[in-house]
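The primary structure of each chain is shown beneath.
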Amino acid sequence: MKGVAGIFLTFAVRNLRRHWVRSGLAAFGIVIGVAAIATLGILSNNLIVLFSGIVADVSDTVVVTPHLAAASGDPFDPRSALAGGLTERDLDRIERAVGPYRAVPIFQTAELLEKSRKKGYVPVIVLHRDDIPVLLDVEDGALPPPSGKSVLVGSLLAEEAGVRAGGRITLGGEDVRVAGVLEERGMAIDINPDYAVVVTHGWYTGRHPEPAYDRVVVKVTDLGDIPAVKEAIEDQFNRRKEVVDVQDSREVLELFYQTYDAISIFLLGIGGVALLVAGVSILNVMIISVTERFHEIGVMRSIGARRTEVMRMFLYEALVLGVAGSLVGGAVSTLAGMAVTASVAETVFAGYGTVPTGLGPEGIGSVLLGMGFGLGTSLLSGVYPAWKASRLDPIEALRYE
Amino acid sequence: MNEPETIIRFVDVSKIYPLPAGDVVALDHVDLEIEAGEFVAVMGPSGSGKSTLLNLIGCLDTPSSGTLSIKGKDIGTLSDDDLTRLRRDHIGFIFQQFNLIPLLDVIENVEFPRVLKERRSGCDEACLELLDAVGLEPELHTHRPAELSGGQQQRVAIARALINEPEILLADEPTGNLDTKTGEGIMDLLTQMNRRGKTIIMVTHDTNIAAYAHRRVHLVDGRIA
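Cut-off values and rules
- Residues numbered from 1 in each chain as written.
- Chains lettered and ligands numbered in written order.
- Predicted model: local features only at pLDDT ≥ 70, side-chain atom pairs only at ≥ 80, totals over all residues.
- Heavy atoms only, no water.
- Contact = heavy atoms within 4.5 Å.
- Buried area = accessible area lost by both parts, 1.4 Å probe.
- Salt bridge = Lys/Arg side-chain N within 4 Å of Asp/Glu carboxyl O.
- Nonpolar A, V, L, I, M, F, W, Y, C, P; charged D, E, K, R; others polar.
- Phe/Tyr/Trp six-rings, centres within 6.5 Å; stacked < 30°, edge-to-face > 60°.
- Helix = DSSP H or I, 4+ residues; strand = E, 2+ residues; numbered from the N terminus.
- Buried < 20%, exposed > 50% of the residue type's maximum accessible area, 1.4 Å probe, protein only.
- Lys NZ or Arg CZ within 6 Å of the ring centre and 35° of its normal.
- Axes fitted to C-alpha atoms, helices over the stretch in contact; angles between N-to-C directions.
- Parallel < 35°, antiparallel > 145°, perpendicular 65-115°, else oblique.
- Left-handed = near helix turned anticlockwise from the far one by under 90°.
- Patch = residues over 30% accessible without salt bridge, like charges linked within 9 Å, V, L, I, M, F, W, Y side chains within 5 Å.
- Areas by Shrake-Rupley, 256 points an atom, 1.4 Å probe, with all protein chains shown as cover.
- Pairing = 2+ DSSP bridges.

Enquirer: What's the story with the interface of chain B and chain A in this structure? I'm lost.
Expert: Where interface size is quoted, it is often the accessible area lost as the parts come together. The partner chain A presents 29 residues to the 29 residues of chain B that form the contact. Both sides of the chain B and chain A interface together cover about 2,700 Å² of buried area, and 61% of this is carbon and sulfur. Applying the counting criterion to the chain B and chain A interface returns 4 salt bridges. The shortest N-O distance in the salt bridge between Glu108(B) and Arg14(A) comes to 2.6 Å. Taken together, the residues of the side of chain B that touches chain A sort by class into 11 nonpolar, 5 polar and 13 charged.

In structure tokens form, the structure reads like this:
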């Protein structure tokens, strides 16, 4: 026992089956559109999860760097190539400006690291010994003593090079002891020690000329003070011309989210275009279907089908195409989204954080959004042909062969 | 004895089709009354207005002028939905080309008008009795129209026309596509339906077929001759 909906659905399914190649191609368009929207959505969501996971929480950090010409917006300025430096005098001025908060000067360079048969250049972060606990935690071992040949090794580098606390490595051609292995920290705007070696200022200056600092990190424990601290530093240095750049992590994250939003809209646009093409294809199929069935529509009208019922019958056809296309598209995009995310995570973000493997609520949201758009596009494409069918003059339609 | 009820009444009805080449007068000031239970044959040459007359009675069209009442309702004043309801509930159509819906099987074709009327389907006893009454064997009930002979298709079409128990049956050349013997079978069926009280208006060219009717209406150039 089935009602009007049941018999109209029977009509729709049988008619689509009668022209299965045509119907299949129209539904395939929806599959592509849904898959494009949902896959790109899943990819974007997982990347943001991945990114958030590997970004260390350094919201209490203000970073002061020498101003570069590139930062003024002119990337062709040759001065961009010259890394500026912050002197001890600059450090004093920063310390005066930030008041009670701790200013940590940092210099970063690179040295050749050798361990057993492995060797390669690694970043070396130079910190005053007293400043190390301010920024970093030692997971295994201890801080290096003020003097002596000891260094700290970042967690991911230690893992990859097979280094443990108490072990030995060759750094810059010199045999050194690994005092400790650092806790994994993730990427941040101040320093990225996970794949680096951290040495004390004393160790470095014992072997190289005194460097200029390439950044000063200020720990502003009261987050409400961040704007005031930034303003104070700007006041000290940038009154006449730009001498330093002052950034906090919120700014960087904001920039990331803005970029993410722009990319999301762009990707959604690509999916939208795919769906638009699919919609035109369904519109075409439905117009052909209505034209082929003029006579049948006339018969239905003559035996008592109302205009709205004829309209419904054709909308059901569009609905069946949309449901079939959206379901397949949803399934395809779920698999494709996870596969593409895994692939991007393994290539672009290799070694950082945990790769999201599931969909997550946002991913499911993307799939549902894609399916919703697919279904909506199908129905919308079906409206005009269905309306056209319902407005046919029954006598004209009956005469049509 | 009760007075016979006038079920269809044309009063000065004209139907004009405006065409770019000039207006075509399909019906020209027609007056006609058909009583309930009558069997009327509408005859006339091609272009005489037979089909227009049938379409007007079937509520597929409305008069350009004059009044056409069906079961007491002036169809010129009804909306498209009201006309459809009148057609669905009180009028059954039988076509020369049978016009079964190819996507549906025999049972589904027969029950389709009832689904539209009662919003439910399922072939009950009445539906099976009807198929039996028109002489369609049960093994054909699940066949699609393309799998049936012309005579079998017309029997299904008659069952479909009768499923909503209409008072009026409209038949447009019902035997036009059938051989003589099958045609006679169909006419016997229509005669039987008429004896059961259905009002039948049948368009035909064939005088032998018209002989089954109680009354003949001749149309020439849109007028009753």
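Enquirer: How should I be thinking about the packing of aromatic side chains in this particular structure?
Expert: The way to describe two aromatic rings as a pair is by their centre distance and the angle between their planes. Counted according to the given criterion, the structure contains 8 aromatic pairs over all chains. With a centroid separation of 6.4 Å and 85° between ring planes, the pair formed by Phe8(A) and Tyr316(A) is classed as edge-to-face. With Phe8(A) in helix α1 (residues 4-18) and Tyr316(A) in helix α10 (residues 307-347), this residue pair connects regions lying 308 residues apart in the sequence. Of the two residues, Phe8(A) and Tyr316(A), neither departs from the other in class, the shared state being buried. Through a chain of ring-to-ring contacts, the aromatic side chains of Phe8(A), Phe11(A), Tyr316(A) and Phe112(B) assemble into a single cluster. Taking NZ or CZ as reference, Arg93(A) lies 4.3 Å from the ring centre of Phe237(A), over its face.

Enquirer: What is the right way to read the environment of Phe8(A) from this model?
Expert: Residue Phe8(A) is classed as buried on the basis of its relative accessible area of 1%. Once the C-alpha coordinates of Phe8(A) and Tyr257(A) are considered, the two residues, 249 residues apart in sequence, prove to be 48 Å apart. Non-local contacts of Phe8(A), meaning those with residues more than four positions away in its chain, are made with Glu309(A), Arg312(A), Met313(A), Tyr316(A), Phe112(B) and Leu116(B).

Enquirer: Just checking my understanding: could you explain the packing of α1(A) against helix α3 (residues 106-118) of chain B for this structure?
Expert: How two helices pack is summed up by the angle between their axes together with the distance between the axes. Two elements in contact, α1(A) and α3(B), have axes separated by 10 Å at closest approach and are oriented at 135°. Viewed along their axes, α1(A) and α3(B) adopt a mutual orientation that is oblique. The handedness of the crossing between α1(A) and α3(B) is left-handed. Facing Val4(A), Ile7(A), Phe8(A), Thr10(A), Phe11(A) and Arg14(A) of α1(A), the residues of α3(B) in contact are Glu108(B), Glu111(B), Phe112(B), Val115(B) and Leu116(B). A per-class count over the contact of α1(A) with α3(B) returns 7 nonpolar, 1 polar and 3 charged.

Enquirer: What is the right way to look at a nonpolar patch on the surface in this model?
Expert: All names here are of chain A. On the surface, a nonpolar cluster with roughly 370 Å² of combined accessible area is contributed by Trp20, Val21 and Leu25. Its place among the elements puts Trp20 in helix α2 (residues 20-54). Trp20 sits in the exposed class, given a relative accessible area of 62%.

Enquirer: How do you make sense of the sheet that holds strand β1 (residues 6-17) of chain B when you look at a structure like this?
Expert: Strands belonging to one sheet form pairs held by backbone hydrogen bonds; the direction of such a pair is parallel or antiparallel. Residues and elements named next belong to chain B. Strand order in the open sheet formed by 4 strands is β2-β1-β4-β5, with antiparallel pairing between adjacent strands. Single-partner strands in this sheet number two, and they are β2 (24-35) and β5 (73-74). Contacts between helix α1 (residues 50-57) and the sheet are confined to β1, β2 and β4 (65-70), with β1 contributing the most and set at about 125° to the helix.

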